[in-house]
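The lines below spell out each chain.
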Amino acid sequence: MASFITRRLLQTFVVLLVMSFVVYGLMGLMPGDPVDIMAASQPGMTPEVMANLRAIYGLDQPLMVRYARWLMAVLSGDFGFSRTHARPVLEVLTPALLQTCKLMLASFTLSVILSLILGIASALKPGGWVDGFVSLFAFAGISVPIFWLALVLILTFAVGLQWLPASGMGQVGNFGFWDQVRHLTLPVLALTLANTGQFTRYVRAAMIETLQMDFVRTARAKGVGSWRIILIHALRNAMVPFVTIMALSFGSLFSGALVTETMFAQMGMGKMIYDSILSNDFNLALIGLLFATFTTLMANLLADLAYVALDPRIRLE
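The structure presented is a predicted model; accordingly, all values stated were derived computationally and were not measured.

Asks: Requested: an account of the overall build of the protein chain, with residues and values cited.
Replies: Each helix and strand counted, the protein chain has 13 helices and two strands in total. Counting every position in the protein chain, which comprises 317 residues, the buried fraction comes to 40%. About 17300 Å² of surface is accessible on the protein chain, with carbon and sulfur atoms providing 70% of the total.

Asks: Now, about the pattern of salt bridges: what can you tell me, with residues and values included?
Replies: In total, this model carries four salt bridges according to the counting rule given. One salt bridge in this structure joins Asp131 and Arg204, with 2.7 Å as the shortest N-O distance. Note that Asp131 is positioned in helix H6 (residues 129-143) and Arg204 in helix H8 (residues 177-211), a separation of 73 residues in sequence. When the shortest N-O distance is used, the salt bridge between Asp214 and Arg217 registers 2.3 Å. Here the residue Asp214 and the residue Arg217 both occupy positions in helix H9 (residues 214-221), the gap between them amounting to three residues, near one helical turn. What makes Arg217 partly exposed here is its relative accessible area of 45%.

Asks: Give a detailed account of the environment of Gln198, specifying residues and quantitative values.
Replies: Mapping Gln198 onto the fold places it in helix H8. Judged by relative accessible area, Gln198 falls into the partly exposed class, the value being 31%. Spatially, the C-alpha atom of Gln198 lies 6.5 Å from that of Ala138, the residues being 60 residues apart in sequence. With residues up to four places along the chain from it excluded, the contact list for Gln198 reads Ile142 and Ile245.

Asks: Got a sec to walk through helix H4 (residues 63-75)? Specific residues and values, please.
Replies: Here H4 is 13 residues long and its end C-alpha atoms lie 18 Å apart, about the 18 Å a rise of 1.5 Å per residue gives. For H4, the complete set of buried residues consists of Tyr67, Trp70, Leu71 and Val74. Summarising the axial view, the buried residues of H4 lie within an arc of 100 degrees, below the 170-degree limit, and thus occupy one face. In H4, those exposed residues whose orientation departs by more than 90 degrees from the buried face are Arg69 and Met72. On its buried side, H4 packs onto helix H1 (2-28) and helix H13 (282-310).

Asks: Can you lay out the nonpolar core for me, pointing to particular residues and giving the numbers?
Replies: Within the largest apolar cluster, 28 residues are counted, with the highest numbers of intra-cluster contacts made by Val112, Leu116, Met207, Met239, Phe242 and Met246. Those elements giving two or more residues to this core turn out to be helix H5 (89-124), H8, H9, helix H10 (226-256) and H13. With twelve residues, H10 is the single largest residue contributor to this core. Beyond its immediate sequence surroundings of up to four residues, Phe242 is in contact with Val112, Ser115, Leu116, Phe199, Tyr202 and Val203. Membership of the second largest hydrophobic core comes to 20 residues, among which are Met27, Val74, Leu93 and Met272.

The rules behind the values
Residues numbered from 1 in each chain as written. Predicted model: local features only at pLDDT ≥ 70, side-chain atom pairs only at ≥ 80, totals over all residues. Heavy atoms only, no water. Helix = DSSP H or I, 4+ residues; strand = E, 2+ residues; numbered from the N terminus. Buried < 20%, exposed > 50% of the residue type's maximum accessible area, 1.4 Å probe, protein only. Areas by Shrake-Rupley, 256 points an atom, 1.4 Å probe, with all protein chains shown as cover. Salt bridge = Lys/Arg side-chain N within 4 Å of Asp/Glu carboxyl O. Contact = heavy atoms within 4.5 Å. Expected span 1.5 Å × (residues − 1). Arc of directions from axis to C-beta. Core = buried A, V, L, I, M, F, W, Y, C linked by side-chain atoms within 4.5 Å.

By themselves these figures say nothing about function.
Written out as structure tokens, the structure is:
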């Protein structure tokens, strides 16, 4: 186990290294640079001043030289400054990360719980009215665009009923717990409904396949209780493919909720990465993308460890 984890951590470092080079190279090939943006906002800047600024920031150096300098700075703990925010990258990244953790962990937890309940209920009697209702709900969750769902929730609960705020992260001077809960309710609900449908389909399919296996019939023949068979024997085996889907979804949530964060004015990781790319804020965009990559890799490592806990026949070595 220890050697497996060590090997995977080394692979994670290599992937991050390659990812950083690819993203840095792609950003370096983008038209324009920070000095060009500064010159656009200051029409009186002369070409001599622009050349001096490029020399100061090292933008006149070859791409590989700039990447090597950036990599050495990052390995020493210096992540650079955000050009648009005029602050260190970590000071900008930390609040966005915390907001994303609140939003994503809440929606992810609710999605997993609901999908397990609905998926198991649907798999007990395939083709029944419960299965039909759950399948309709799942297909609706998969098919409905997230921006349309967000608009419906805003019009219903914020405009029509006026129960919840339509957007924002909290009232100025009032960042208490319940105030944050009110502002997070609609985006969490939108993400939960969008993800539950996909998760439910996987749980249903895995449970139906598992309940038809020989060891389940043997357990029933020995007189094992129905709920013990479902929750302990069948669900544990059905969770193996579901864990893979959860791991992939968990990693993508930290950078892929751009539409939801934009619709509800949530300044999370997805919105931050998108804005930094548009404004050519290379340091902030690069660190944000690398963190999203790191989260995905760690989620897959945890999934591999969960396989062993769920199925003793699986060996990591």
